[in-house]
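Structural characterization, general
In case you want the letters, here they are:
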Amino acid sequence: MQHYNKTLLAGLISTTLLSGCWWDNPEKVATHVSKKIDREEVVSHLVELEGLASVTTDGQSTTRSAGSQGYQNSLEYILTVMQDNGYMVTTQAFDFRAWEELAGTELSVNSVALIGVREAQEGVEPDFATMSYSGSSNGVLNGTLSFITPDFRFDAADYDSTDGCEASDFTGKDVAGKIAVIQRGGCTFDSKVVNAQNAGAIAVIVFNQGNSEGRKSVVNGTLGSDSSATIPAFGARFDLGKAWFDLAGSQTVEATLTVSVQDEIVVTENVIAETPTGDASQVVMIGAHLDSVPEGPGINDNGSGTAGLLAYAVTLADSKIPVKNKIRFAWWAAEEAGLVGSEYYTNSLFSEIYAKAQQQILEELGLTDPAALTPEQWDLVEARYKELNDIKLYLNFDMIGSPNYILGVMDGDLSDTKDSPDNAYTGDFEPPYGTSDIELNFNKFFASKQLSTVPQALSKRSDYAGFADWGVAFGGLFTGAEKTKTADEVALFGGDIDVAYDVCYHQACDDLNNVSQEALHINTQALAYVTTYYAMSETLFPAQEPASAEVTTFSSLSAPKEKLRIGERLKAADSVSDHDHFHGDFDQDLQ
Ligand code: DTR
Ligand code: ZN
Ligand code: ZN
């Protein structure tokens, strides 16, 4: 009697399947792999990540933020798991400005101690906040308040809303050695602070503008990572600024402040891994940021996406399915500092491909000067760029296990969220071809499980932005951050109405207790389904309508106006240190 061992049998079966049609049905393979995603296994990666976090400089919590030991530990863990599972793994190093406010910030005016945003108890309105990228006070700093040119006559025809925006606003003012107090409005906080610093101010407080209801509470702003400010910079409530100004009419007003920040250029690394096989000219790319904020270990944000990618990679490797297209995995560094890692990757790679496309077309046309290209010729450049670009789609997974979750699918084609206040793609952005199909496939998966989804506006708050900007079809999942759950969403997903999707968003408590394992599991299955579907597809997206086929090329970038944008992107990419050109801190205003 013939005797088969298990491996032989499996070999025979897969040979039969290979010659049959099973592998050729992307949906079937996708369903098969997604069913194999095991909840306990996904969670096991989260448990590892929590254990790898390191203690923060101020000893208040643990972290996996870019530049920390916790990040390096997380990176080593990914390298080990991916290498052990047969993937080809590399890292990509870059440097960025890591700024962090340490514990102990204080501000008092005329001996009244004010309440900082970080200390404020629930229900108590904070008075002031440290601006991101502020300098340190280097101990306790005392100074007299010096007002620049505030204006409170909001209805007056000659109302001036640009306090401190011009260097000349400071001439003739007694600012040297004083604490400049400046009203919000008209320009970035950075301009105001740098102007004050140049005029000799020792610190700056920007108080809210007060000209509308939305401009009264504390200013929680950022100077941006390109700021040259070295003095302490705070934001404050409008009525405090007004009260100090009124008081200063009759007496000197003194302030005492302390702020201590850690601010250094650090080197960190993205992790890139790919399947050893599969068509390298049709790369299916998926990514999650690996770093957390300094304040906590980042288990939902973004241990969840990190674990989802890992669990999928291991499941796929175990399944021994020969992928048609190469799958590339990315674990991004320094997302929390402004999408720094993913934009370093997209800007360096895509600007090079774009330059190559431009060079080829110029040569083919016998031209040398890109400035001489007509709009039609630019269309050729962009069609060539798309051909040369092997990355055919990018899927993003950032916060996929929020405790009070919704099942959010990125509305890449803007079909439901064009008018949302969160939509950052206003103007003439046209979603890259394939983006709608990606959203459709995510929704198809959830529908097959009788689950609803909520379209998510493109806020540019995560790593898909660099891909979208460079014309790559994109999509992703998101279960919600600091915003609160609506009645409609409770009807769809259960959970708590008017409570944040993630109550521990960007806080020390973003730990293992802050994850919905159910959401994480289903989203990892969705990730597995959609990624496998595209990895097994010969043609990635359904053919385009003939009417628009001419602009297949790069419809999003082919309009003459958009030409300029690509030029700008190239410029931005030339100086990659300019990485967060497009992004400040997400929660924070720049002006
Ligand atoms: N970028 C996340 C939070 C976030 C906010 N909106 C979205 C939309 C899609 C993905 C993520 C997010 C963070 O890291 O804080
Ligand atoms: Zn975050
Ligand atoms: Zn995140």
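About the criteria used
Residues numbered from 1 in each chain as written. Chains lettered and ligands numbered in written order. Predicted model: local features only at pLDDT ≥ 70, side-chain atom pairs only at ≥ 80, totals over all residues. Heavy atoms only, no water. Buried < 20%, exposed > 50% of the residue type's maximum accessible area, 1.4 Å probe, protein only. Helix = DSSP H or I, 4+ residues; strand = E, 2+ residues; numbered from the N terminus. Pairing = 2+ DSSP bridges. Near = heavy atom within 4 Å. Polar contact = N/O pair within 3.5 Å; in protein donor to acceptor, adjacent residues only side chain to side chain. Areas by Shrake-Rupley, 256 points an atom, 1.4 Å probe, with all protein chains shown as cover. Nonpolar A, V, L, I, M, F, W, Y, C, P; charged D, E, K, R; others polar. Donors = N, O, S within 2.8 Å, 3.2 Å for Na, K, Ca; no water. Axes fitted to C-alpha atoms, helices over the stretch in contact; angles between N-to-C directions. Parallel < 35°, antiparallel > 145°, perpendicular 65-115°, else oblique. Left-handed = near helix turned anticlockwise from the far one by under 90°. Contact = heavy atoms within 4.5 Å.

Per an unreviewed UniProt entry, the recorded name for the protein chain is PA domain-containing protein, and the organism is Vibrio hangzhouensis.

Regarding the pairing of strand β10 (residues 233-236)
Burial along β10 is two-sided: Ala233 and Gly235 facing one way and Phe234 and Ala236 facing the other are all buried. Relative to β10, strand β6 (residues 128-130) runs antiparallel, the two being bridged by 3 bridges. Note on β10: the bridge partner recorded for Ala129 is Gly235. Taken together, the 4 bridges between strand β9 (residues 203-207) and β10 define a ladder with parallel strand orientation. Across the sheet, residue Phe207 finds its bridge partner in β10, namely Ala236.

Thoughts on the site of ligand 1
In the region of ligand 1, 13 residues are neighbours, and Glu335, Asp398, Arg461, Tyr505 and His506 sit closest. One of the backbone N or O atoms of Arg461 is found 2.4 Å from a nitrogen atom in ligand 1. In this structure, Tyr505 approaches ligand 1 through a side-chain N or O atom, which is 2.7 Å from an oxygen atom. Protein coverage of the free-state accessible area of ligand 1, which is 360 Å², stands at 97%. A breakdown of the residues in the shell around ligand 1 according to their chemical character gives 4 nonpolar, 4 polar and 5 charged.

Describing the coordination of the zinc ion (ligand 2)
With distances of 2.0 to 2.5 Å, the protein atoms coordinating the zinc ion (ligand 2) are Asp301 (OD), Glu336 (OE), Glu336 (OE) and His506 (NE2). The distance between the zinc ion (ligand 2) and the zinc ion (ligand 3) comes to 3.4 Å, and Asp301 binds to both of them. Placement of Asp301 in helix α7 (residues 299-319) and of Glu336 in the loop between β14 (325-332) and α8 (340-365) is noted, with a sequence separation of 35 residues between them. The same class applies to Asp301 as to Glu336, namely buried.

Looking at the coordination of the zinc ion (ligand 3)
Every protein donor of the zinc ion (ligand 3) is accounted for by His289 (NE2), Asp301 (OD), Asp398 (OD) and Asp398 (OD), and the metal-donor separations fall at 2.1 to 2.6 Å. Every donor residue of the zinc ion (ligand 3) comes from the same chain, spaced as H-x11-D-x96-D.

Overview of the packing of α7 against helix α13 (residues 517-535)
α13 packs onto α7 with a crossing angle of 50 degrees between their chain directions and a minimal axis gap of 9 Å. With respect to their mutual orientation, α7 and α13 come out oblique. Judged by the sense of rotation from one axis to the other, the crossing of α7 with α13 is right-handed. Contact residues: Ser304, Gly308, Leu309, Ala311 and Tyr312 in α7; Leu520, Thr524, Leu527, Ala528, Thr531 and Thr532 in α13.

Brief notes about the sheet that holds strand β3 (residues 88-101)
The strand order β3-β12-β14-β13-β15-β18-β16-β17 describes an open sheet built from 8 strands, whose pairing is mixed. Bordering the open sheet on either side are β3 and β17 (454-456), each of which pairs with just one other strand. The average angle at which neighbouring strand axes cross in this sheet is 20 degrees, direction not considered. Inspection of the sheet shows strand β13 (residues 279-289) paired to β14 by 7 bridges, in the parallel sense.

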